[in-house]
Amino acid sequence: MNTRGAPVNVETRAKLYEGKAKIVYATNDPRLIVQYFKDDATAFNALKRGTIVGKGVVNNRVSAAMFERLERAKVPTHYLGALSDREMLCRRLDIIKIETIVRNVVAGSLAKRTGLDEGTPIRQPIVELYYKSDPLGDPMINDDHVRMMKLATPAELTWMRRMALRINRILRPHMWKRGLILVDFKLEFGRAGGRRYLGDEISPDTCRLWDRQTGEKLDKDRFRRDLGGVEEAYQEVYRRLVGTSA
Ligand code: TMP
Ligand code: ASP
């Protein structure tokens, strides 16, 4: 298996799964999958649908850059290399059906739930758990629900919380240096070959990113809330986190 660069001898095979923003393909190696990033955008459990031109390229390249940063800090991720502008080679994981959210600043559903103003700083980062279920609309759950539903073992849950905070400690200063406030983000973890890995993506779809100077929203909230300038915001995040424009 080749890592990072253009992996050789990997052939894409049958479509395994099509999600709202990505398609997952099997490969000729049962341990590997390819994530294909689409421009399709949904919000509010797919009640709102649209297209963000160039989003797939941005999310693929931004995710690759963030996974590479995390791997350098010894965080185990499913990422094995970018195959093209929209395709990423990954380890095949048995995904744990929990969405782990880390929050540094009050926004979104936390503002709604608490009545606190969006933008209120959070002294100690918050970790939240949601049950990954489209039919149920990803309800919030706690450790007791995870145990009852056997979504993860207690050891896995401890590891996930610790890893989520460690990822926050790595990505927050990384983004700050590039002019972005990491307000909150969503992570998914999984198992492969008896080990645990970070999976999915890290992109403006799954993070709230605010401009450090102006507070301007540079993430999917521009689409969710009809703020305009959606494509431009994604391109700006690409420029800051990957380098040249997509
Ligand atoms: P929330 O404030 O709506 O709960 O969102 C928290 C973070 O999770 C935010 O960065 C966006 C991300 N997120 C997803 O990645 N997928 C989702 O389905 C939702 C609702 C949020
Ligand atoms: N992607 C999710 C959906 O379709 C939600 C979101 O990101 O707001 O509903």
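Sequence order as written defines the numbering, with residues in each chain counted from 1. Chain A is the first chain written and ligand 1 is the first ligand written, with later ones labelled in order. At least 70 in pLDDT is required for a residue's local features to be given in this predicted model, at least 80 for side-chain atom pairs to be given and counted, and no such filter applies to totals for whole chains, interfaces and linings, which use all residues. In computing side-chain values, all of the structure's heavy atoms are included and hydrogens and water are not.

Chemist: So what's going on with the site of ligand 2? Residues and values would help.
Modeler: Being near a molecule or strand, for a residue, means having at least one of its heavy atoms within 4 Å of it. Residues in contact with ligand 2, as listed here, are K20, T42, A43, F44, N45, A46, K220 and R224. Residues adjacent in sequence count toward polar contacts only when both atoms are side-chain atoms; beyond that, a polar contact is any pair of N or O atoms within 3.5 Å, and within protein one must be able to donate a hydrogen and the other to accept it. One of the backbone N or O atoms of F44 is found 3.4 Å from an oxygen atom in ligand 2. Residue A46 places a main-chain N or O atom 3.1 Å away from an oxygen atom belonging to ligand 2. Coverage of ligand 2 by the protein chains reaches 74% of its 260 Å² of free accessible surface. Each residue is assigned to one of three groups, with Ala, Val, Leu, Ile, Met, Phe, Trp, Tyr, Cys and Pro labelled nonpolar, Asp, Glu, Lys and Arg labelled charged, and all others, Gly among them, labelled polar. Grouping the constituent residues of the shell around ligand 2 by class yields three nonpolar, two polar and three charged. All accessibility values rest on the Shrake-Rupley procedure with a 1.4 Å probe; residue burial counts only the protein chains present in the view.

Chemist: I'd like to hear about the sheet that holds strand β1 (residues 12–18), residue by residue, with values.
Modeler: Across the sheet, five strands lie side by side as β1-β2-β3-β7-β6; this open sheet has antiparallel pairing. The open sheet has two edge strands with one neighbour each: β1 and β6 (79–82). Ignoring which end each strand starts from, the neighbouring axes of this sheet average 30° apart. Bridge analysis of β6 against strand β7 (residues 87–91) gives three bridges, and the strand direction is antiparallel. The residue of β7 that forms the bridge with A82 is M88. One requirement defines pairing of two strands: DSSP has to find at least two bridges between them. Every helix listed is a DSSP run of H or I at least four residues long, and every strand listed is a run of E at least two residues long, numbered separately from the N terminus. Angular values range over 0 to 180 degrees, each being the angle between N-to-C directions of two axes fitted as lines to C-alpha atoms, with helices fitted over their stretch in contact.

Chemist: So what about the packing of helix α1 (residues 55–72) against helix α6 (residues 230–241)? Which residues, and what values?
Modeler: Between α1 and α6, the shortest axis-to-axis distance is 10 Å and the interhelical angle comes to 30°. On the basis of the axis angle, α1 is roughly parallel to α6. Two packed elements cross with a definite hand, and for α1 against α6 that hand is left-handed. For the pair α1 and α6, the contacting residues are K55, V58, N59, R61, V62, A65 and M66 in the first and Y234, Q235, V237, Y238 and L241 in the second. Split by residue class, the contact of α1 with α6 holds eight nonpolar, two polar and two charged. We call two directions roughly parallel when the angle between them is under 35 degrees, roughly antiparallel when it is over 145, roughly perpendicular when it lies between 65 and 115, and oblique otherwise. Crossings are sorted by hand: turned counterclockwise from the far helix by less than a right angle, the near helix makes the crossing left-handed, and turned clockwise it makes it right-handed. In what follows, a contact means two residues having at least one pair of non-hydrogen atoms within 4.5 Å.

Chemist: Tell me what's going on with the pattern of salt bridges, and back it up with residues and numbers.
Modeler: Close approach of charged atoms lets side chains of opposite charge pair. Throughout this description, the term salt bridge denotes a Lys or Arg side-chain nitrogen within 4 Å of a carboxyl oxygen of Asp or Glu. With the rule as written, the count across this model stands at 32 salt bridges. The salt bridge involving R31 is made with D29; its shortest N-O contact spans 2.7 Å. For each residue, the accessible area found with a 1.4 Å probe, counting protein chains only, is set against the maximum for its type, and the residue is called buried under 20%, exposed over 50%, and partly exposed in between. What makes D29 buried here is its relative accessible area of 17%. With its nearest N and O atoms 2.7 Å apart, the salt bridge here joins E188 to K186. Taken together, the shared-partner salt bridges connect R103, R113, E118, E128, D184, R208, K217, D221, R224 and R225 into one network.

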